[in-house]
Every structure is written in C-alpha cells, then in structure tokens.
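Listed below, chain by chain, are the residues.
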Amino acid sequence: MSICIIHNASIEKLEEIATEKFLLIPNKNIPQNIYRNPVFRPDQIGLKIFIVPIREIYHLNLTFPLLEYEENYMSSPGSFISQLIGHKGIGSLFSLLSRRDLAHNVVSCYKRLNLSNFSFILVTVQLTEYGERHIDSIILIVFQYIHMLRQHPLPKYFFDELTNFAQSEFEMKDREKAVTFAETLAHAIHIFSPKQIIKGCYSSTEWRPRQIENILAELNPSNLRVTILTKNAKYLETKVEPYYGTEYYVDKIQEDVIQEWKNASLNQDLRLPSPNPYNYTRMNKFINTGKTRRQPELTVLLERARMKVWLSSDQRFLFPKSYFYFKFSSPQTYRTARSWNLTNLMVNMIKHILVESTYPALLAGLSYTLKAAKYGFELLVQGYSEKIFMFLLEILNAIYSTQYTQDVFCTVLHVHKKGLLSCFAEPLKSQSRYLVNTLLSSRVWTRQERWESLQDIELHEVEDFARTFLDKHSLECLGFGNVDKDQICKLSEILLKRRAEYLELRCSNLSLKISSDPNLADWFKTDSVERIVRCEKVILQAETKCSNSFTCEYVERDLLLPLGSNAVVINNEHHTMSMVVFFLQLSSIALEKTCSLELFNHIVRERIISYLRNRIFLGNTIGCDVRKINHTIGLRIQVESQFPPAAVNSAIEDCLEDLDPFLKSLNHSDLKVHLNTLKALKMNSHMKMIDYNQTLWREILEGSYDFRRNHREVEHLNFLTLCKVKNFYNEYIKQGAPERRKLLLSIAPDPTLNSVECLCGEQAMCIYSWEEIDKLRKKCKHFPDPEVKEITSWFVDVFRSGDDSYQPPGQQLEPLTTKPLSVHFKYPCSNEE
C-alpha cells in the first residue's frame, strides 16, 4: 500500500493529516506477493490466436514475454528497443511494411506489471487487406529488423537523443490536476527510489548496452505469442469465449515457420535511424514581450489575400513553447457528400505523406494535428519554439505539393471505407455524440450518403479537388505562447511566400500568363500579396464555371429544436446494450441562460447520476453534462443500459420531477458553496497551457471571438440567486415547462423494444426513425447567420485599434443593475487580469 498527499500546507501539517486519516488502518503484516512464475506456460507460447472483432479491423499483435527489468529504469533497455522497433522514419520497419502495402501503422511498447517478475514487449501492426493474407511474411520482416539490431552496433546517439528529449519534457512539463499527479506518484513509490519518484519516468540516463543485448536475445521466434484480429477468422472452427461471447480460434505455429523466422537474414531495406535533425543542445529562452493583454491581438489583416493572423503572447505560463493554429477554409468543402469525401481523402493523404518526414520531430517534442472540417481543414503545430518553424515549413510543403501517388491513394481510400463501414460498431457513447451532432447540424451529410457518394472516386479527382481548394482558400491563424510580433511577421511571410509559389507554379502548369501593371514599383510587383492576387485573378478568369468572386467562409451553426418533445429511434444490432440521450436545448446562448444552466447542472448532476444509478439501477454508464457547441447550449443526460428505452425515458423524467423538492430545500449557504466550486472549476479549466489556447482557438473556429467568455461567465455567476435557479428549472427543465425543447435519441439492438412511449402528463411526443430525420429538421429553426459587412467592419476596427478592450462582434454588454451575490472567491494568481 502506498499513500500520496498533495497539499499546500507545511510538512508538519501534512504529517498531522496523514496521522489523523490513516493511523487507524490496521497493519496486518501481509507479506508482499511477488509473482515469480513466467507469465505464460510452455504450452501457451508459439501460438496463433485468431479473434473475431466487432469492428472492421485487421490487427497483428506480437507478444514477447520477458523478465522484469524494473530495477534498470535508469537505463530503460526495454523502452529503448521499443522505440527502435516502433520508429517510423526512413529505413524503419514501418517504412518497409508500408511501401509493400502490408501495414498502415506499427506501434511498439514496453509493458511492465507491478509486483511481478515479468514484463512484455508488444508489437502491434495495423494490417492492410493484402497484409492480412501475408501474416508470416510480416513477422519474418519483424525478425529481420531484430536481427539487424543484433548485428549492427547499438546506436548510442539515439539513446542520447531520447535522454535529451525526456529531460526537456520533464523540465517543460505542464501543470496537472492534483488528483492525477497524486495517483502517478502513489504508483511510482512502488517502482522508483525515493529521490527519483517525481522524475523516474524521465531519468533514463545510463547507457548499458549489455542489458539491451540481453533483451534482444529474448526476442526470438521460440518466445513469441501471436494474436490476429480479423473478421475473416469467423470462417475458422472458432470457439466462443464464455464471458463476452467473443469468437476465437487457437492454432499452433508450425515448426518449419518458426525455423524460417529464426534464420531471418539481413534486409537491405532496413537500417538504423539517422541522427535526428530536430535535436537541440539547449532550449530557447522565453521571450518576455513586456506587455500583458487580456485578449489576442489581430496582428495581420490582409483582405486581398483573405488572411488573418491573431497573436497571443504568453505572459502567464512562461514556457518556451509555441502553438500555431491554422484554419484553411473553402466554400466547396461541404457542398456535396462527394466533396466532403474528397476533403477527408485529401487530408488523410497529406498525413500519410508526412509520417516518415515528421516522425523525428515528434520524438523531439514537436507535434501536429491535421483534421478535416466542414469549412476545410484545421492544422495545429505545437512544441518547443527553437525549431518549430522548420517543422511548420515541412508540413506546408506537403499541403501545397498536391502530388499524390496511386499507392497512397489506395491505402487511404481503404482505411476511409473501413471507417464508414464499421461506424455502427463504435462505442455507443461515441455514436450518440455523432448522431446528436448530425441531427442538430444546419448542414449535414450522413455516413450513408457519404458511403454512396464514395464509389468510383479516383486519384485524379482528389488531385483536382486539392488544387481547386488551394486556388481559392482563405486562411486564419492564431499564434500563442513563446511568440512575439517579429515571429508572427515571420510566420505571415512564410505562409504568403509558400502560397504565392504554389499559385505561380499552378499558373505555369495551366499555361496561364501572369500580367502586372507596368506603373507599379518593382518592390510592389515582388510583394507576396500582390503575387497572390495576380495569380488568383488569372486562375479565376480561366475557370469559366467559377464565379468572379470568392464566397465567404462557412460558419457552422446548430438548429433550434421546436418546443415540445421529439424522439429519434435508431436500431443497431452490433451492440447488446441500448443508449438513450436525453437532451434539453435552450433557445440561445445569452449570458444569463448559459450561467444558469451551468450552475443548475453543477447543483443537480450528482443527484441525477446517483438517482439513475442507485435508485433505479439503470447501469454504471451514466453521464450528465452541458453540451455547448456551435452557438447552442443544452442539458444532456446519457444512459447506457440493458433496459428498454421507454423505461429509461420514464426514469429520467421521474428523476427531473424529483428535483423540484430538492431545489426547494436548498438555502443561501448551499448556493454559495456551489457557486464557489463552479467558479474554481471554470478558472482551473485554463490552468494548462494547451487548454487555454484551445479555448481561444475555439472562439475563432466558431466565429464568435468572445475570448473573455470564461471570465465574463465567472463574473456573472455572482448575480445568480436561488430564486433564478428555481425559475430556470420551472421554465426550461421541468416536465411541461413553457420553454422546454426536448430531444430523445434512442439506440437499441431490438426493434420491437426500441420504442418510446409518451408519459402520463407529458406533451405528445413526435417519434421519428433515423430515415425520417428530415421531417424533424424541417420543423427546427435556423439561427441567423452573421452579417458579412458587420463582421468585416469589426475586424477592421479591432485591427486599427490595437488595444484589448474590444467586445465580441454583434454583442453589446449591458451593465448589470442587480446587486451581485456576496460570494468569496479569488481569481488564480496570473498576469492575465
């Protein structure tokens, strides 16, 4: 048993707390039980185990049982070998398997179990359809790579790089929640020495090649257990696992196959990783701009090039880290279901191309996220500021290249199809979130429509789409962290120059002549913005089917449900459980309604979960939260159980009715406790650097630009009273409330039981199947889109003013006349206020 206490009190006070709380626990003097036996019996080694998964996946898992190397954490030989096997750079195992169309991904990790005398090295290969038919060949290549590690001198430079990166990660570690940090330290007490408890996972500093060689000797075919996950295993003589009903088949690996793996020779396509170009000897110093701003600054506003760049220099966390967000927008992205498929394929092909070239940067603490969105695609580049621009340029070159190979296209298309086919096998919680988002979205293409439009897509169509996208896209950026105006200007120049080079090359390929005004000065002719404008004008004139102007970018907004109760029923036979989502939507995101809902949820959340879990016994997977997305907000209750949806709906309604006497029993002091706790939670939600800058970026993505929303909500909570909370419940939540907008989403395996009956006293509920959702969507209202002229004027005003006192577009904050509630609360110490 180990105990970890984290508190801001003195050591003496902590000792008193530990003595008071834990002294009464009796010491039974039970000896520590260390499992000395091998993890597998001899008859459990040398097996191929075929498992039939629920989803459409092909996975190959190689398990090598090892002795416990726990006392060698200062050298971490198992982790070092796992990093080599799972490397994705040029000449790696992944690189070879990917080029031969055998695998989509390779992951290797070292696992050790507490209080045991064994550990594992696990190698997981995500297979292609072709690779699923050549399992033995893939395992042979794995042993060829292991044989290469034995034959070549071990790369100490790679160990030094990993040590340097781990040291930097520890020094630049962001804040953690106290409970998470305490759990980590309580676990570390069993593994590391007292001086290394905090730093143990990052302290691999001792180079011990003999230990690495000992582990490599254990990675042999005689010490292997193979697991294969494939739908095709159902055609074998499978058995059924009694607890979860999983089908499986066990086969013994043939001796001649094992002998072939043992005799694996060197493969000339496999080699050790090269020295990391992103390695660094020292960290860049933190840039102190000397200015403290409460809101980001609009540093670059180029209307001719449709580009905006926001800057938020960090004066709070003081880490030499930078975060750059990019929003590439084009109106054609979500125009049809086919164009939405093309957007996803384009983004995934870019990511596939970047795997090998960006993997060294990932090891060095740099990372990126690239994902498709309805407006286009979103890019996040983050990491230590020293070489982040070098990393960014690598990604931009891949985006603007638009040169894809047939092999990459086939690989990405296969994965995309498998994802659409296996969507109903995803966890019910994930499915319910997707279905609610789809139902409430103002523009949507369902997975079925995307699957139907995916047929007959070819490589040239994706290439043409990518070029058309980049011909007309707009760009909005946010730089956060260890960034100043000079670096933002450098970023802008990189983006403009790379975009101008792409457009000039595009005009050259189309044999278009770019003309310029002879009266312009030479410096203006070579200006990146002028080059972009000239090229776009020529391309637009050449494309007769296109309009003569650029359409404004798309802003996603949800639909407003009609008053009353509506239910959507979906049958899903892939799961044995049912999922019910009970959603009550508010009519707007006004400050008063938003704060009232969040306070109401904080007061009743535990009571709702306890009622549904303990008094009704609906199950353990129960959630209650606030859904705030796309300019809408509402209360969401999720229940996954084996009960019929009608019974779950009835239980939730009874639970909400039971809140009436509970709210009446609350007093003023109870409300102050909830208010203080909610304020602390809202302010602590920005204690991490990544959480804070993601909040800023979310405001840009949604087009609301309310960067101080969290602070305004915290301040407005002082004006909420117990009477307002009760009125909110009676107006929006209670059954029969005049402003109640209810959506019930039911996912169940049995069509006969998947019915939602109207309750006594409840208004007539309109019930739709998933195929009939258009009928419900027609009854919903659309939120008004923002005026383009008003938004454009707001950008100009913010850019010209240069200060941080601007208000969100279209919102005028009126002073509150109500006397605020006396609540004791302090903001966290920061330079932000």
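Scroll up to find the structure.
Residues numbered from 1 in each chain as written. Predicted model: local features only at pLDDT ≥ 70, side-chain atom pairs only at ≥ 80, totals over all residues. Heavy atoms only, no water.

A few points about the overall build of the protein chain
So, step 1. Helices and strands together make up the secondary structure of the protein chain, namely 26 helices and 21 strands.
So, step 2. For the protein chain, whose C-alpha radius of gyration is 30 Å, the value lies close to the compact-globule estimate of 28 Å for 833 residues.
So, step 3. In terms of its C-alpha atoms, the protein chain occupies a principal-axis envelope of roughly 85 × 80 × 65 Å.
So, step 4. Here the protein chain, with 833 residues, has 52% of them falling under the buried criterion.
So, step 5. At a minimum sequence separation of 6, the contacts of the protein chain that also span at least 24 residues come to 83%. (Helix = DSSP H or I, 4+ residues; strand = E, 2+ residues; numbered from the N terminus. Rg over C-alpha atoms; globule rule 2.2 N^0.38 Å. Buried < 20%, exposed > 50% of the residue type's maximum accessible area, 1.4 Å probe, protein only. Contact = heavy atoms within 4.5 Å.)

Focus: the sheet that holds strand β1 (residues 47-51)
So, step 1. With respect to topology, 7 strands assemble into an open sheet ordered β3-β4-β2-β5-β1-β7-β6, the strand pairing being mixed. The two strands at the open ends of the sheet, each matched to only one other strand, are β3 (103-112) and β6 (239-240).
So, step 2. Each of β3 and β4 (118-127) is contacted by helix α2 (residues 77-85), which is oriented at about 180° to β3, the strand it contacts most. (Pairing = 2+ DSSP bridges. Axes fitted to C-alpha atoms, helices over the stretch in contact; angles between N-to-C directions.)

Focus on helix α19 (residues 591-615)
So, step 1. The end-to-end C-alpha separation of α19 is 35 Å, in line with the 36 Å expected for 25 residues at 1.5 Å each.
So, step 2. Valine 604 marks the point of greatest bend in α19, at about 45°.
So, step 3. Backbone geometry just downstream of α19 places phenylalanine 617 in the positive-phi region, at approximately 60°. (Expected span 1.5 Å × (residues − 1). Bend = angle between axes of the 7 residues up to and from the residue.)

Concerning the environment of threonine 621
So, step 1. Its location among the elements puts threonine 621 in strand β17 (residues 621-629).
So, step 2. Spatially, the C-alpha atoms of threonine 621 and serine 322 are 38 Å apart, while their sequence positions differ by 299 residues.
So, step 3. When residues no more than four places from it in sequence are discounted, the contact partners of threonine 621 are Gln638, Val639 and Glu640.

Digging into the packing of α19 against helix α20 (residues 645-665)
So, step 1. Taken N-terminus to C-terminus, the directions of α19 and α20 make an angle of 130°; their axes are 10 Å apart at the nearest point. Judged on the interaxial angle alone, α20 and α19 are oblique. In the packing of α19 onto α20, the handedness of the crossing is right-handed. Contacts from Phe600, Ile603, Val604, Arg607, Ile608, Tyr611, Leu612 and Arg615 in α19 reach Ala651, Ile652, Asp654, Cys655, Leu656, Asp658, Leu659, Phe662 and Leu663 in α20. (Parallel < 35°, antiparallel > 145°, perpendicular 65-115°, else oblique. Left-handed = near helix turned anticlockwise from the far one by under 90°.)

Quick word on the environment of glutamate 183
So, step 1. Along the polypeptide, glutamate 183 turns up in helix α7 (residues 178-188).
So, step 2. With 144 residues separating them in the primary sequence, glutamate 183 and lysine 327 have C-alpha atoms 37 Å apart.

Some points on the pattern of salt bridges
So, step 1. This model, assessed by the stated rule, comprises 39 salt bridges.
So, step 2. With a closest N to O distance of 2.8 Å, glutamate 598 and lysine 682 form a salt bridge. Of this pair, glutamate 598 sits in helix α19 while lysine 682 sits in helix α21 (residues 668-684); the two residues are 84 residues apart in sequence, bridging distant segments of the chain.
So, step 3. Owing to a relative accessible area of 12%, glutamate 598 belongs among the buried residues under this scheme.
So, step 4. A residue is classified by how much of its surface remains accessible, and lysine 682, at 9% relative accessible area, is buried.
So, step 5. Across the salt bridge formed by lysine 682 and glutamate 713, the nearest N and O atoms sit 2.8 Å from each other. Placement of lysine 682 in helix α21 and of glutamate 713 in helix α23 (residues 709-716) is noted, with a sequence separation of 31 residues between them.
So, step 6. You can call glutamate 713 buried: its relative accessible area is 3%.
So, step 7. Three or more residues joined by partner-sharing salt bridges are found here, namely Glu598, Lys628, Lys682 and Glu713. (Salt bridge = Lys/Arg side-chain N within 4 Å of Asp/Glu carboxyl O.)

What about unusual backbone geometry?
So, step 1. Positive phi, close to 50°, is recorded for arginine 306, a residue that is not glycine.
So, step 2. Mapped onto the secondary structure, arginine 306 falls in the loop between β8 (297-302) and β9 (307-313).
So, step 3. Given the relative accessible area of 17%, arginine 306 is considered buried.
So, step 4. Its identity as a non-glycine residue notwithstanding, aspartate 456 has a phi of 70°, on the positive side.
So, step 5. Position of aspartate 456 relative to the elements: it lies in the loop between α14 (447-453) and α15 (459-472).

Looking at the nonpolar core
So, step 1. Ranked by size, the top nonpolar core spans 149 residues in total, and within it Leu60, Trp310, Phe326, Phe328, Met346 and Ile399 carry the most contacts.
So, step 2. In this structure, methionine 346 is in contact with Phe377, Tyr404, Val462, Phe465, Ala466 and Phe469, ignoring residues within four places of it in sequence.
So, step 3. Counting residues in hydrophobic clusters, the runner-up holds 46 residues, among them Leu599, Ile608, Leu659 and Leu671. (Core = buried A, V, L, I, M, F, W, Y, C linked by side-chain atoms within 4.5 Å.)

Let's talk about the packing of helix α11 (residues 388-401) against helix α16 (residues 485-509)
So, step 1. Direction vectors running N to C along α11 and α16 enclose 25°, while the axes themselves pass 11 Å from each other. Taken as axis vectors, α11 and α16 run roughly parallel relative to one another. The two elements α11 and α16 meet at a crossing, and its hand is right-handed. Along the contact surface, α11 presents Phe389, Leu392, Leu393, Leu396, Asn397, Tyr400 and Ser401, while α16 presents Gln487, Lys490, Leu491, Ile494, Leu495, Arg498, Arg499 and Tyr502.
So, step 2. Classifying every residue of the contact of α11 with α16 gives 9 nonpolar, 3 polar and 3 charged. (Nonpolar A, V, L, I, M, F, W, Y, C, P; charged D, E, K, R; others polar.)

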